[in-house]
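Breakdown of the fold
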Amino acid sequence: MGYRRRVRAAISIAAAFIVCARCFPVGPACAEEDDDPHAMQFSGRDIWRNGAFAYAGLLLAPGGFERDGLMLKIVTSGGLYRYYAGSLGGERVLGAEWLADVLPGFRIKRGNAEFKVFFGPELQRHKLWPDDPGNRLRGSQFGVRFAGELWYEPTPLTLIAGDVALASVATSSSARLAYGWRVNQDLFSDGIYVGPEVQYFGSDGYRQFRVGLHITSMKTEMTEWSAAAGWARDSDGQTSPYLRLNMSQKL
């Protein structure tokens, strides 16, 4: 129950932080009425040979998504995975994961570059079959997470996108870097970006590397889609294809 109380308190503080920012805007531009949405829902799926995950969340921007300012990102995710435990003589372990993040943050836009940074509390829960005492990701754990995102269009036809995250629970980390070229401007009003990506996931005792191709910014009215596929290899020596699908919608 201690974890739940801390998470509820973190949510209350973050919500009050955003409400205050909304009620007391700064700068003349904030006083102007506009049609810029202030909320976005998003979700995604990620699957490879040894795991399948899904996530969903809400991104709040009191000043809108076209201005610098405060943001709040709320994410929950879960899934199943398997690995081979060295502490159990190489026995295969099946794991179930659930986590929740409440991340206050800030958006900065300079020219064609956009940066977002987030920092806040995180709750993770892992269940293992059979139990693996050598795995730090066991039971319920409370920690903090830092996350950063980059979207940069160096030319009208190219894109550099990336993200990075670091969590205190089992020193979990991830990073992704993608490059894209804009194509299909006749079919899609803003075009879509297609190109290579590299990705990394890690925690105590486990690493995974990916190389693949992505399709980004497929827009249909208020909804935007992206997808990626490629090849993954992890520190257990397992290799397989991976597939990722993401969706976001401004409210």
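Scope of this entry: the structure provided in the associated data block. (Residues numbered from 1 in each chain as written. Predicted model: local features only at pLDDT ≥ 70, side-chain atom pairs only at ≥ 80, totals over all residues. Heavy atoms only, no water.)

**Examining the overall build of the protein**
Heads up, the rule is: Helix and strand assignments follow DSSP, with helices taken as H or I runs no shorter than four residues and strands as E runs no shorter than two, numbered in order from the N terminus. Exposure classes here rest on a 1.4 Å probe applied to the protein chains alone. A residue is buried below 20% of its type maximum, exposed above 50%, and partly exposed in between. In this description, accessible areas are obtained by the Shrake-Rupley approach with a 1.4 Å probe, and a residue is regarded as covered only by the protein chains that are shown.
Check the secondary structure of the protein and you find 1 helix and 12 strands. Going from the N terminus to the C terminus, the protein shows its helices and strands as α-β-β-β-β-β-β-β-β-β-β-β-β. Out of the 251 residues in the protein, the part that is buried amounts to 40%. Of the roughly 13700 Å² that the protein leaves accessible, carbon and sulfur atoms contribute 63%.

**Remarks on the packing of aromatic side chains**
This is how it is decided: In summary, the pairing rule links any two rings of Phe, Tyr or Trp, Trp by its six-membered ring, whose centres are within 6.5 Å, and it sorts them by plane angle into stacked for under 30 degrees, edge-to-face for over 60 and tilted for everything else. Only Lys NZ and Arg CZ are tested; either one counts as a charge over a ring when it is within 6 Å of the ring centre and within 35 degrees of the ring normal.
In this structure the tally under the stated criterion is 7 aromatic pairs. On the basis of an interplanar angle of 50° and a centroid distance of 6.2 Å, the ring pair of phenylalanine 42 and tyrosine 55 is categorised as tilted. Of the two residues, phenylalanine 42 is situated in strand E1 (residues 39-48) and tyrosine 55 in strand E2 (residues 51-60); the sequence distance between them amounts to 13 residues. According to the relative accessible area criterion, phenylalanine 42 is buried, its value standing at 14%. Accessibility expressed as a relative area gives 29% for tyrosine 55, which makes it partly exposed. Centroid distance tryptophan 151 to tyrosine 193: 6.1 Å. Interplanar angle 80°. Geometry classified as edge-to-face. Remark: tyrosine 193 occurs in strand E9 (residues 192-203) and tryptophan 151 occurs in strand E6 (residues 139-152); sequence separation between them is 42 residues. In textbook terms, an aromatic cluster arises when at least three aromatic residues are bridged by ring pairs, as seen for Trp48, Phe53, Tyr81 and Tyr83. We note arginine 210 situated over the ring of tryptophan 48; from NZ or CZ to the ring centre the distance is 5.2 Å. Its end group placed over the ring of tyrosine 242, arginine 210 keeps NZ or CZ at 4.5 Å from the ring centre.

**Notes on unusual backbone geometry**
Following tryptophan 129, the chain continues to proline 130 via a peptide bond in cis, the omega torsion being -10°. Mapped onto the fold, proline 130 is located in the loop between strand E5 (113-129) and E6. Notably, alanine 170 is not glycine yet its phi reads approximately 55°, a positive angle. With respect to the element layout, alanine 170 can be found in the loop between strand E7 (158-167) and strand E8 (173-183).

**Re the environment of aspartate 101**
Spelled out, the test is: Working rule for contacts: check all heavy atoms of both residues, and any pair within 4.5 Å makes them a contact.
By secondary structure assignment, the location of aspartate 101 is in strand E4 (residues 91-110). In this structure aspartate 101 comes out as buried when scored by relative accessible area, which is 6%. With 44 residues separating them in the primary sequence, aspartate 101 and glycine 57 have C-alpha atoms 9.2 Å apart. In this view, aspartate 101 contacts Lys73, Ile74, Val75, Pro121, Glu122 and Arg145; residues no more than four positions away in its chain are not counted.

**What about the side chain of asparagine 50?**
How we decide: Under the rule applied, a polar contact is a pair of N or O atoms within 3.5 Å (in protein, one hydrogen donor and one hydrogen acceptor; residues adjacent in sequence only if both atoms are side-chain atoms).
One can find asparagine 50 in the loop between E1 and E2. Within the structure, the side chain of asparagine 50 is placed 2.7 Å from the side chain of arginine 82, a separation counted as a polar contact.

**Points about the environment of glutamine 41**
Checked against the element boundaries, glutamine 41 lands in strand E1. Judged by its relative accessible area of 33%, glutamine 41 is partly exposed. It is 7.3 Å that separates the C-alpha atoms of glutamine 41 and leucine 251, two residues lying 210 residues apart in sequence. Setting aside residues up to four positions removed in sequence, glutamine 41 forms contacts with Gly57, Leu58, Met247, Ser248, Gln249 and Leu251. Polar contacts involving the side chain of glutamine 41 include one to the side chain of glutamine 249, which spans 2.7 Å.

**Looking at the pattern of salt bridges**
Worth spelling out the cut-off: When a carboxyl oxygen of Asp or Glu is within 4 Å of a side-chain nitrogen of Lys or Arg, the pair counts as a salt bridge.
Within the structure shown, the criterion is met by 12 salt bridges. With a shortest N-O distance of 2.7 Å, lysine 73 and glutamate 149 are connected by a salt bridge. Of this pair, lysine 73 sits in strand E3 (residues 69-85) while glutamate 149 sits in strand E6, and the two are 76 residues apart along the sequence. The exposure class assigned to glutamate 149 is partly exposed, which follows from its relative accessible area of 29%. Between arginine 176 and glutamate 197 there is a salt bridge, with its nearest N and O atoms 2.7 Å apart. With arginine 176 in strand E8 and glutamate 197 in strand E9, the pair connects residues that are 21 residues apart, well separated along the chain. The class for arginine 176 is buried, based on a relative accessible area of 15%. For glutamate 197, a relative accessible area of 2% translates into the label buried. Residues participating in the shared-partner salt-bridge network are Asp101, Glu122 and Arg145.

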